[in-house]
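Now for the letters of each chain:
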Amino acid sequence: MTQVYSRRSKRAAVEDRISDLPRNVTNHILGFLPVKEAARTSILYKRWRHIWPMLPYLVLDNRFCKNLAGKSLSVFKETVDTILLQHLGVIDKFVLDVSGVHLPPYENIDRWMLYATRNGVKDLTFKLSIECSAYKLPSHVFNCLALTHLKLFNCVFKPPNSVLGFHNLTTLYLERITFVPVEFSIINAPLLMNLTMRYCDGTQHLSVVSSWLQYLSVFGIQYPNLNCFTNCNNLRVLHLDYSDMNYTPNHDERSTLEKLLFSLAPTHELYLGSLFLKCHKVRTTSDNAQAVLTYLGTPACLDRPLNKLKHVIIHWFKDSKAELFLVKLLFARAPYLIRMSIEQAKASDSKEERHITTELMRFPRASPKAELFYLPSVLNSTTPSRRTDLHQRKVCILRASLLENASNSHQNCFIYV
Amino acid sequence: MASTTETKQKKMLILKSADNDEFEIEESVGVQSETIKNLVEDGFTFVPLPNVYTKALIKIIDYLKKHANKTDSNDEEIKTFDKDFVNTTFDDLFELVSAANYLHISCLMNMLCQTIADRIKDKSPEAVRKIFHINCDYTPEEEAKIRKANAQAFEGQFDESLD
């Protein structure tokens, strides 16, 4: 096969690196630059004069906003106005992070949001400091059809009507959002796959309609209201946690959680904060620890084997009797267990550690493949990477029965197949 | 169906660079590139790459091999590999980025573009021009006018180095 390839002269290529690169590559590179640096490229040479204003990404990050607002609020507002005025064409991504700026009233933001939504924004992020009063989301955000990713901090949802239609939305992240109920509102997002809600208020009258929802994460101070998710039955990953130690969920709330757990699709990852385990444990009264121990000791506490459980991670292991029992139980009842990772809550000396590991190793294991990993205590900073790690894997089902078996220890369980 | 995928995994591909060098790689390694994947789906096992030179192709094959064997345990190892991979001259980076773009390897594209962006981030326009081998075609008056229009962008200290 004699085919002559058109070979560029290397010297010609060296003369001008940029003309050599296709437009999508230069856009890609500039997309990673903060807006100030990207704006500077217009001075490089004439051909690039209009590349920056036509970039489909506008990322006004925290550093940028804080810097300008540090000079004066009017400089900041003027500069953002100028940037938007110079911009040509569509905006795929618009990030406005004013979390370092104190700037109510919000007329300017309304205008900038309008500009972004009018230009077909697909990926919208808006961050506002929690010290500022919440920003009331203008109605054009609800009507923005192009949106696929929406990330909001400290806003008020007061929709013009009771149905919020996000027809193309796949990822929704809401932190400190207040829903002002119109009796009963519905978030209709048929394509939504990932939903995170952190510290949101007013969700009791909310319903999320999305048959594709796979990833759901709800964190809050109070026991999360799960009623709005009862229509989601394709969940694969479920993270739940709350921090009010004194709250005891009532019967309805407990049964909603159980319903949700039972509706989970066959492969999933389950993350439950320690307080869940606490609330859903057996009815114990005064002598908590003793009752849990007795309960864990009875054969009825986990009668079915956990056939699908393959991986267990326990954080903040404190070497309490209840925790040891839980581990023993999981070892005994999970015939396909592959890996049991236990992370220490705090560093202990080698003698103590040897003692714990000997103890752990003695437990009989139903699964011949089960490996035990005993990890020294890790700082919280390693958690995020671990989490992404987990998302990439296939994960498991564990029925509500485990909730009842879990002890009162201060631990979080990652359980997945 | 399962048996066909198994034999498929062992199938080999030949990649031919713009300098006419040939490289044999496993199909499962090659299909991380969308361009190669499309050709494989059309039944090709010989893939000429007229836009990718040998030097870049060797590095990219290394990258693909490393990332094809990604498991949970070698996460750190891959991170170190990636870090070394982009620790090179601008000329190499540009060569690699156009190759990655042609081959449609999105994770590699992201990594390279991010690296280039990070490395030109705090540089002065003069330094960036030298890095990109650009001859400025503005007259001094025009340049001053643009600087004035975007005054905010030209404030502060710049880095004049070229690496």
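Residues numbered from 1 in each chain as written. Chains lettered and ligands numbered in written order. Predicted model: local features only at pLDDT ≥ 70, side-chain atom pairs only at ≥ 80, totals over all residues. Heavy atoms only, no water.

When the UniProt feature table is mapped onto this chain numbering, "domain: SKP1 component POZ" (unreviewed entry) sits at residues 11-69 of chain B. Each end of residues 11-69 of chain B is marked by a C-alpha atom, and these two atoms are 16 Å apart; helix forms 46% of the span and strand 22%. (UniProt positions renumbered as here; feature names shortened; annotations may be inferred. Helix = DSSP H or I, 4+ residues; strand = E, 2+ residues; numbered from the N terminus.)

This part covers the state of the cysteines. In the structure shown here, the tally under the stated rule is 0 disulfides over all chains. Among the cysteines around Cys155(A), which has no disulfide bond, Cys200(A) carries the closest sulfur, lying 10 Å off. Relative accessible area serves as the criterion here: at 0%, Cys155(A) is assigned to the buried category. Free cysteine: Cys113(B), not disulfide-bonded; nearest cysteine sulfur from Cys107(B) at 12 Å. In this structure Cys113(B) comes out as buried when scored by relative accessible area, which is 0%. (Disulfide = S-S within 2.5 Å. Buried < 20%, exposed > 50% of the residue type's maximum accessible area, 1.4 Å probe, protein only.)

Turning next to the environment of Val312(A). Note that Val312(A) resides in strand E16 (residues 311-317). Once the C-alpha coordinates of Val312(A) and Val327(A) are considered, the two residues, 15 residues apart in sequence, prove to be 9.5 Å apart.

What follows is about helix H8 (residues 125-132) of chain B. Within H8(B), 6 of the 8 residues are buried, which leaves it mostly tucked inside the rest of the structure. At the C-terminal side of H8(B), His133(B) shows a positive phi close to 55 degrees.

The relative placement of two packed helices comes down to the angle between their axes together with the axis-to-axis distance. All names here are of chain B. Two numbers describe how helix H4 (residues 54-68) lies on helix H6 (residues 90-103): the axes approach to 10 Å, and their chain directions differ by 70 degrees. The angle between the axes of H4 and H6 places the two elements in the roughly perpendicular class. Here the hand of the crossing between H4 and H6 comes out right-handed. In this structure, H4 uses Lys55, Ala56, Lys59 and Ile60 to contact H6, whose residues at the interface are Asp92, Glu95, Leu96, Ala99, Ala100 and Leu103. (Axes fitted to C-alpha atoms, helices over the stretch in contact; angles between N-to-C directions. Parallel < 35°, antiparallel > 145°, perpendicular 65-115°, else oblique. Left-handed = near helix turned anticlockwise from the far one by under 90°. Contact = heavy atoms within 4.5 Å.)

To continue, consider the pairing of strand E5 (residues 149-153) of chain A. Residue and element names in this part refer to chain A. With 4 bridges joining them, strand E3 (residues 123-128) and E5 adopt parallel strand pairing. Looking across to E5, one finds that phenylalanine 126 is bridged to leucine 152. Note: E5 against strand E8 (residues 171-175), 5 bridges, orientation parallel. Paired with leucine 152 across the strands is leucine 174, a residue of E8. (Pairing = 2+ DSSP bridges.)

What follows deals with the UniProt feature "domain: SKP1 component dimerisation" (unreviewed entry) in chain B. The residues that UniProt annotates with the feature "domain: SKP1 component dimerisation" (unreviewed entry) are residues 108-153 of chain B. Secondary structure content for residues 108-153 of chain B is 67% helix and 0% strand, and the end C-alpha separation is 29 Å.

Another aspect to go through is the sheet that holds strand E3 (residues 46-48) of chain B. Residues and elements named next belong to chain B. Taken together, the 3 strands give an open sheet; going across it, the order is E2-E1-E3, and neighbouring strands pair in mixed fashion. At either margin of the open sheet sits one strand with a lone partner, and together these are strand E2 (22-26) and E3. Looking at each pair of strands side by side, their axes are set apart by 25 degrees on average, direction ignored. Examined bridge by bridge, strand E1 (residues 12-16) and E3 share 3 bridges and lie parallel to one another.

Residue and element names in this part refer to chain B. Even without being glycine, histidine 104 reaches a positive phi, approximately 55 degrees. With respect to the helices, strands and loops of the structure, histidine 104 is situated in the loop between H6 and helix H7 (106-120). Although it is not a glycine, histidine 133 adopts a positive phi angle of roughly 55 degrees. The topology assignment puts histidine 133 in the loop between H8 and helix H9 (140-149).

Time to look at the pattern of salt bridges. Scanning the model with the defined rule gives 14 salt bridges over all chains in all. The closest approach of N and O atoms between Glu142(B) and Lys46(A), which form a salt bridge, is 3.7 Å. In this pair, Glu142(B) sits in helix H9 while Lys46(A) sits in the loop between helix H4 (35-40) and strand E1 (57-60), so the two residues belong to two different chains. Assessed through its relative accessible area of 39%, Lys46(A) is described here as partly exposed. Note that Glu359(A) is salt-bridged to Arg362(A), the shortest N-O span being 3.2 Å. You can see Glu359(A) and its partner Arg362(A) sitting in helix H13 (residues 350-362), 3 residues apart, about one turn around the helix. Residues joined in a network through salt bridges with shared partners are Glu126(B), Arg129(B), Glu143(B) and Arg147(B). (Salt bridge = Lys/Arg side-chain N within 4 Å of Asp/Glu carboxyl O.)

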